[in-house]
Amino acid sequence: EYFPPLSTDLAILYDDASSAAYRMSAEKNGVASTAEVVLMPPFSNIFRQPVLGDGLKIVGLCIGRYPQTRRLLPIIQDLVSETGCVKEVVLRPHPACDLDLSSLLVSKKVSIQRAGRSLQDFSDAIDLALVSNSGVALELLHNGVMTFYVEGMDDLANDYYGFVKSNILPRFEMTKLKSSDSTAMFFGKEWKNNYSFYDITVTRSIQECREEVANKFSQLLGV
């Protein structure tokens, strides 16, 4: 709701959700939106459908910039106590988080991803992810990682970005670790349609988007 109206000839945005936010801003401010919009995803790899296999799970837990460690601790303790479901818990701190998180290493099962490692490395190393309020959820889903929202891991409002309300992030419950089939049902055809609003690569190739951007630039410059 705080987006400024677009005042450009050409706007290159990530997704339909961003485009809709700018349209709403223009309507709220009583301004005619004249910018031509084309979409260019931030991803360099293709979309992968989130899946969750059977057996022991490696759980990735994304820690925000300003985490509430006293709230994170019981979540981590609950995870490691699920001996029949959880093999390992990998913590990924926000790049700007400089807090000492050693108090969260409550078990040999818990580790912290080394600073500088990419989100792709993190995605490849885990079976499912738990997030608070963060756009990292969109990237994890794009990489094929089943991702769940956990309330209370930061001080932002519940479902601050509306991902739960938009039905692209389910809320996490420990029972989801034990039932792959019921979890997979959430990430079905309807979910994919909802998620495509935030990730154009669900329906279009990255190359196709790049070609459209190139064409629009050429038209704008008259070449």
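## Here we look at the sheet that holds strand S6 (residues 128-131)
(1) Moving on: The sheet built from five strands is open, its strands ordered S5-S4-S3-S6-S7 with parallel pairing. Here the strands that pair on one side only, and so sit at the sheet edges, are strand S5 (110-112) and strand S7 (146-149). Each strand axis lies, on average, 25° off the axis of its neighbour in the sheet, ignoring direction.
(2) Moving on: Sheet analysis places strand S3 (residues 57-63) next to S6, joined by three bridges and oriented parallel. Bridge assignment links Val59 to a residue of S6, and that residue is Leu128.
(3) Moving on: The strands touched by helix H2 (residues 69-81) within the sheet are S3, strand S4 (86-93), S5 and S6, with S3 carrying the most contacts at an inclination of about 175°.

## Description of the nonpolar core
Where a protein is soluble and globular, its nonpolar side chains tend to be buried together.
(1) Moving on: Ranked by size, the top nonpolar core spans 50 residues in total, and within it Leu61, Leu79 and Leu140 carry the most contacts.
(2) Moving on: In this structure Leu61 touches Leu72, Ile75, Ile76, Leu79, Val90, Leu91, Arg92, Phe122, Leu130 and Met153, once residues within four positions along its chain are discounted.

## Description of the pairing of S3
(1) Moving on: In terms of burial, S3 is a largely internal element, seven of the seven residues being buried.
(2) Moving on: Every second residue of S3 is oriented toward a common face, with Lys57, Val59, Leu61 and Ile63 on one face and Ile58, Gly60 and Cys62 on the other, all of them buried.
(3) Moving on: Sheet analysis places S3 next to S4, joined by seven bridges and oriented parallel. Across the sheet, Lys57 pairs through a bridge with Val86, a residue of S4.
(4) Moving on: Each parallel crossover has a hand, and for S3 linked through H2 to S4 it is right-handed.

Quick notes on the rules
Residues numbered from 1 in each chain as written. Predicted model: local features only at pLDDT ≥ 70, side-chain atom pairs only at ≥ 80, totals over all residues. Heavy atoms only, no water. Pairing = 2+ DSSP bridges. Helix = DSSP H or I, 4+ residues; strand = E, 2+ residues; numbered from the N terminus. Axes fitted to C-alpha atoms, helices over the stretch in contact; angles between N-to-C directions. Contact = heavy atoms within 4.5 Å. Core = buried A, V, L, I, M, F, W, Y, C linked by side-chain atoms within 4.5 Å. Buried < 20%, exposed > 50% of the residue type's maximum accessible area, 1.4 Å probe, protein only. Right-handed = clockwise from strand over helix to strand, strands pointing away.

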